[in-house]
Amino acid sequence: QVQLVQSGGGSVQAGGSLRLSCAASKYTVSGNSMAWFRQAPGKGREAVAGIDTGPSPNYANSVKGRFTVSKDNAKNTLELEMNGLKPEDTAMYYCAALKGRLGAADWSRAYLYHYWGLGTQVTVSS
(Lines give C-alpha, C1' and ligand atoms only; values in the text may rest on other atoms or scores of the structure.)
Protein backbone atom coordinates (compact mmCIF):
# COMPACT_ATOMS: atom_id res chain seq x y z
CA GLN A 1 0.00 0.00 0.00
CA VAL A 2 1.01 3.64 -0.29
CA GLN A 3 3.49 4.78 2.33
CA LEU A 4 4.69 8.28 3.14
CA VAL A 5 7.84 8.21 5.25
CA GLN A 6 8.82 11.50 6.83
CA SER A 7 12.26 12.67 7.87
CA GLY A 8 13.85 15.87 9.08
CA GLY A 9 12.49 18.14 11.76
CA GLY A 10 13.90 18.48 15.24
CA SER A 11 14.62 21.37 17.58
CA VAL A 12 15.96 24.78 16.61
CA GLN A 13 16.12 28.27 18.03
CA ALA A 14 13.92 31.04 16.74
CA GLY A 15 15.20 32.36 13.45
CA GLY A 16 16.71 29.04 12.48
CA SER A 17 15.94 26.70 9.60
CA LEU A 18 14.83 23.13 9.15
CA ARG A 19 13.97 20.94 6.21
CA LEU A 20 11.32 18.24 6.14
CA SER A 21 11.16 15.45 3.61
CA CYS A 22 8.41 12.97 2.78
CA ALA A 23 9.40 9.92 0.73
CA ALA A 24 6.57 8.18 -1.10
CA SER A 25 6.35 4.54 -2.05
CA LYS A 26 3.72 3.02 -4.33
CA TYR A 27 2.73 6.59 -5.13
CA THR A 28 4.06 8.98 -7.74
CA VAL A 29 4.55 12.49 -6.41
CA SER A 30 4.77 14.03 -9.87
CA GLY A 31 1.50 15.49 -11.01
CA ASN A 32 -0.49 14.70 -7.86
CA SER A 33 -1.51 17.16 -5.18
CA MET A 34 0.46 16.97 -1.97
CA ALA A 35 0.57 19.14 1.11
CA TRP A 36 2.05 19.71 4.52
CA PHE A 37 -0.17 20.10 7.56
CA ARG A 38 0.72 20.72 11.18
CA GLN A 39 -0.91 20.27 14.54
CA ALA A 40 0.14 21.94 17.74
CA PRO A 41 -0.89 20.57 21.14
CA GLY A 42 -4.51 21.41 21.88
CA LYS A 43 -5.13 22.78 18.39
CA GLY A 44 -6.67 21.48 15.19
CA ARG A 45 -4.76 20.36 12.11
CA GLU A 46 -3.67 23.36 10.04
CA ALA A 47 -2.73 23.40 6.37
CA VAL A 48 0.77 24.78 5.86
CA ALA A 49 1.66 24.42 2.18
CA GLY A 50 0.36 22.64 -0.89
CA ILE A 51 1.89 21.86 -4.25
CA ASP A 52 0.24 20.91 -7.53
CA THR A 53 -2.83 22.47 -5.95
CA GLY A 54 -3.38 25.16 -8.54
CA PRO A 55 -1.17 27.21 -10.83
CA SER A 56 1.38 27.82 -8.08
CA PRO A 57 2.09 26.44 -4.61
CA ASN A 58 -0.24 27.50 -1.84
CA TYR A 59 0.79 28.63 1.63
CA ALA A 60 -0.88 29.52 4.88
CA ASN A 61 -0.60 33.24 5.52
CA SER A 62 1.39 32.52 8.67
CA VAL A 63 4.25 30.90 6.72
CA LYS A 64 4.31 32.87 3.46
CA GLY A 65 7.74 34.16 2.66
CA ARG A 66 9.38 31.79 5.18
CA PHE A 67 8.46 28.28 4.01
CA THR A 68 8.96 26.76 0.57
CA VAL A 69 7.28 23.57 -0.61
CA SER A 70 8.76 21.55 -3.46
CA LYS A 71 8.94 18.11 -4.98
CA ASP A 72 11.94 16.10 -6.06
CA ASN A 73 10.44 13.95 -8.77
CA ALA A 74 13.65 11.97 -9.24
CA LYS A 75 13.68 10.97 -5.59
CA ASN A 76 9.88 10.80 -5.40
CA THR A 77 9.80 13.07 -2.37
CA LEU A 78 7.91 16.08 -1.06
CA GLU A 79 10.03 18.71 0.68
CA LEU A 80 9.41 21.63 3.00
CA GLU A 81 12.14 24.18 3.57
CA MET A 82 11.42 26.23 6.69
CA ASN A 83 13.34 29.43 7.34
CA GLY A 84 12.90 32.17 9.91
CA LEU A 85 11.26 29.72 12.29
CA LYS A 86 9.19 31.10 15.14
CA PRO A 87 8.06 29.49 18.41
CA GLU A 88 4.52 29.45 17.04
CA ASP A 89 5.70 27.08 14.30
CA THR A 90 6.17 24.40 16.95
CA ALA A 91 3.96 21.47 16.01
CA MET A 92 3.83 17.96 14.64
CA TYR A 93 4.11 18.22 10.86
CA TYR A 94 2.40 15.78 8.52
CA CYS A 95 2.73 15.22 4.80
CA ALA A 96 -0.43 14.38 2.89
CA ALA A 97 -1.03 13.05 -0.60
CA LEU A 98 -3.90 12.76 -2.98
CA LYS A 99 -4.35 10.66 -6.10
CA GLY A 100 -5.35 13.45 -8.45
CA ARG A 101 -5.32 17.21 -8.33
CA LEU A 102 -6.97 19.73 -6.07
CA GLY A 103 -7.60 23.34 -6.93
CA ALA A 104 -6.46 26.31 -4.94
CA ALA A 105 -9.84 26.54 -3.23
CA ASP A 106 -9.58 23.05 -1.75
CA TRP A 107 -5.91 22.41 -1.03
CA SER A 108 -6.23 23.09 2.68
CA ARG A 109 -9.07 20.64 3.31
CA ALA A 110 -7.42 17.77 5.16
CA TYR A 111 -10.30 15.35 4.62
CA LEU A 112 -9.67 15.37 0.86
CA TYR A 113 -6.23 13.76 1.15
CA HIS A 114 -6.00 10.00 0.81
CA TYR A 115 -2.65 9.28 2.40
CA TRP A 116 -0.78 10.63 5.40
CA GLY A 117 2.67 10.38 6.90
CA LEU A 118 3.08 9.58 10.57
CA GLY A 119 4.32 13.02 11.48
CA THR A 120 7.57 14.62 12.54
CA GLN A 121 8.06 17.01 15.42
CA VAL A 122 9.33 20.54 14.92
CA THR A 123 10.16 22.49 18.06
CA VAL A 124 11.25 26.12 17.97
CA SER A 125 12.55 27.72 21.14
CA SER A 126 12.64 31.44 21.81
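Before reading on, note that the structure itself is shown above.
Residues numbered from 1 in each chain as written. Predicted model: local features only at pLDDT ≥ 70, side-chain atom pairs only at ≥ 80, totals over all residues. Heavy atoms only, no water.

Q: I'm lost on the overall build of the protein chain in this one. Help?
A: In terms of helices and strands, the protein chain carries zero helices and 11 strands. Taken over the C-alpha trace, the protein chain has a radius of gyration of 13 Å; the compact-globule value for 126 residues is 14 Å, and the two agree within 12%. Along the three orthogonal principal directions, the C-alpha set of the protein chain runs to about 40 × 25 × 25 Å. Contacts spanning at least 24 positions in sequence make up 61% of the contacts within the protein chain whose residues lie at least 6 apart. Approximately 6200 Å² of the protein chain is accessible, and the part contributed by carbon and sulfur atoms is 49%. (Helix = DSSP H or I, 4+ residues; strand = E, 2+ residues; numbered from the N terminus. Rg over C-alpha atoms; globule rule 2.2 N^0.38 Å. Contact = heavy atoms within 4.5 Å. Areas by Shrake-Rupley, 256 points an atom, 1.4 Å probe, with all protein chains shown as cover.)

Q: Hey, could you run me through the state of the cysteines in this one?
A: Each disulfide consists of a covalent bond between the sulfur atoms of two cysteine residues. Evaluated as defined, the whole model comprises one disulfide. With a sulfur-sulfur separation of 2.1 Å, cysteine 22 is cross-linked through a disulfide to cysteine 95. Between cysteine 22 and cysteine 95, the disulfide has an S-S torsion of 55° and is therefore right-handed. With a gap of 73 residues between them, cysteine 22 in strand β3 (residues 18-25) and cysteine 95 in strand β9 (residues 91-97) connect regions that are remote in the sequence. You'll find cysteine 22 and cysteine 95 in the same group, each marked buried. (Disulfide = S-S within 2.5 Å. Buried < 20%, exposed > 50% of the residue type's maximum accessible area, 1.4 Å probe, protein only.)

Q: Honestly, the nonpolar core in this entry has me stumped. Any pointers?
A: Considering soluble globular proteins, one finds that nonpolar side chains tend to be buried as a cluster. If you look at the biggest cluster of nonpolar residues, it comprises 30 residues, and the most contacted ones within it are Trp36, Leu80, Met82 and Tyr93. Listing elements by their share of this core, those giving two or more residues are β3, β4 (34-39), β5 (46-51), β7 (67-72), β8 (77-82), β9 and β11 (120-125). Listed in part, the eight residues of the second largest apolar core include Phe37, Leu102, Trp107 and Tyr113. (Core = buried A, V, L, I, M, F, W, Y, C linked by side-chain atoms within 4.5 Å.)

Q: Help me understand the packing of aromatic side chains in this model?
A: The geometry of two aromatic rings is summed up by the distance between their centres and the angle between their planes. Taken as a whole, this structure holds four aromatic pairs when the rule is applied. Among the aromatic residues, those joined into a cluster by ring pairs are Phe37, Tyr113 and Trp116. Note that arginine 45 overlies the ring of tyrosine 94, its terminal NZ or CZ placed 4.0 Å from the centroid. Positioned above the aromatic ring of tryptophan 116 is the side chain of arginine 45, whose terminal nitrogen or guanidinium carbon lies 4.7 Å from the ring centre. (Phe/Tyr/Trp six-rings, centres within 6.5 Å; stacked < 30°, edge-to-face > 60°. Lys NZ or Arg CZ within 6 Å of the ring centre and 35° of its normal.)

Q: Whenever I open this one, the environment of methionine 34 confuses me. Can you help?
A: Structurally, methionine 34 can be placed in strand β4. As a C-alpha pair, methionine 34 and methionine 92 span 58 residues in sequence and 17 Å in three-dimensional space. When sequence neighbours within four positions are dropped, the list of residues in contact with methionine 34 reads Leu4, Tyr27, Val29, Ala49, Gly50, Ile51, Thr53, Lys71, Leu78, Ala96, Ala97 and Tyr113.

Q: Would you mind showing me how to read the pairing of β11 here?
A: For a regular strand, the rule is simple: side chains alternate between the two faces of the sheet. Here β11 shows a buried face lined by Thr120, Val122 and Val124 and an unburied face lined by Gln121, Thr123 and Ser125. Note: strand β2 (residues 10-13) against β11, four bridges, orientation parallel. Paired with glutamine 13 across the two strands is serine 125, which belongs to β11. Two strands pair when backbone bridges link them, and β9 and β11 are joined in this way by three bridges, in the antiparallel orientation. Within the sheet, the bridge partner assigned to alanine 91 lies in β11 and is valine 122. (Pairing = 2+ DSSP bridges.)

Just geometry here; none of it tells us what the structure is for.
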